[in-house]
Amino acid sequence: MLDSHLQSIHLPGSRREEFRAARERLFAAEGPATRLIERRELDSDLVVVDPDRSPPFPAGHLLIRDQKQYPLRPGINILGRNHANDIIIRHPQVSRRHCSILVHSDGRCEIHNLASLNGTWLNGTQLTSPKPLADGDWLELGPVGFRFSIPSRHEGA
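Residues numbered from 1 in each chain as written. Predicted model: local features only at pLDDT ≥ 70, side-chain atom pairs only at ≥ 80, totals over all residues. Heavy atoms only, no water.

**Focus: the overall build of the chain**
A count of helical and extended segments in the chain gives two helices and eleven strands. Its helices and strands taken in sequence order, the chain reads α-α-β-β-β-β-β-β-β-β-β-β-β from the N to the C terminus. For the chain, buried positions account for 43% of its 157 residues. Of the contacts made within the chain by residues no fewer than 6 positions apart, 45% connect residues no fewer than 24 positions apart. Of the roughly 9,000 Å² of accessible surface on the chain, a fraction of 50% belongs to carbon and sulfur atoms. (Helix = DSSP H or I, 4+ residues; strand = E, 2+ residues; numbered from the N terminus. Buried < 20%, exposed > 50% of the residue type's maximum accessible area, 1.4 Å probe, protein only. Contact = heavy atoms within 4.5 Å. Areas by Shrake-Rupley, 256 points an atom, 1.4 Å probe, with all protein chains shown as cover.)

**Comments concerning unusual backbone geometry**
Although it is not a glycine, Ala 115 sits at a positive phi angle of roughly 60°. Note that Ala 115 resides in the loop between β6 (109-113) and β7 (120-122). Positioned with a positive phi, Asn 123 is a non-glycine residue whose angle comes to about 50°. Inspection of the secondary structure puts Asn 123 in the loop between β7 and β8 (125-126).

**Topic: the confidence of the model for the chain**
Close reading of the predicted structure is inappropriate where its pLDDT is low. Of the residues in the chain, 70% have a pLDDT of 70 or more, and the chain-wide mean is 78. Within the model, the stretch residues 41-58 combines pLDDT values under 50 with 18 contacts to residues more than four positions away or in other chains. (pLDDT = per-residue confidence, 0-100.)

**A word on the pairing of strand β3 (residues 75-80)**
Burial runs high along β3: six of the six residues are buried. Pairing geometry for β3 and strand β5 (residues 99-103), over five bridges, is antiparallel. Across the sheet, the residue bridging to Asn 77 is Ile 101, located in β5. Pairing analysis gives two bridges linking β3 to strand β4 (residues 87-88), with the strands arranged parallel. Directly across from Leu 79, in β4, lies its bridge partner Ile 87. (Pairing = 2+ DSSP bridges.)

**Details of the sheet that holds strand β10 (residues 138-141)**
The six strands lie next to each other as β2-β1-β11-β10-β7-β8, forming an open sheet whose pairing is antiparallel. Sheet topology places β2 (68-71) and β8 at the edges, where each strand pairs with a single neighbour. One ladder, built from four bridges, connects strand β1 (residues 62-65) with β2; its direction is antiparallel. Residue Leu 63 lies in a different strand from β2, and its bridge partner there is Tyr 70.

**Description of the pattern of salt bridges**
Per the counting criterion, the structure on display carries four salt bridges. The closest approach of N and O atoms between Arg 20 and Glu 17, which form a salt bridge, is 3.7 Å. Linking Arg 20 with Glu 17, this pair stays in helix α1 (residues 13-30), spanning three residues, or about one helical turn. On the basis of relative accessibility, which here comes to 47%, the residue Glu 17 falls in the partly exposed class. For Asp 66, the salt bridge is made with Arg 65, and the minimal N-O distance between the two is 4.0 Å. (Salt bridge = Lys/Arg side-chain N within 4 Å of Asp/Glu carboxyl O.)

Written as structure tokens, this is what we have:
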């Protein structure tokens, strides 16, 4: 069953189909290891955590806007106006479920547009497909901008 904030019944016909296709691409990209971590099933027999090694998921991925930091968790992070989103953006030009940032179990991140009306932009280029994120990337959801950051990359530098 889908989380209620990923339903598409409120959208008109063609937007509903665009959103459903984007949602399916997002779910397909997630992968089983990330899904396990996202569901907090680390104590299952399927994932073994070696205490002598770093944890099997990244820590410290952030979005930054106006000096405020928004942490991203492993798995799917939904951004938009909907109150059930992981990051809520109260702006009329931001869609209810505007985009998602997928944080993989190995630390890679990618951004997915979720059929938003005003588009999702990465470093000045509008997304037409999911794209990987790198430290320092600039994201725009309509007129609202964020810097993507991996603080652990800056520690000790």
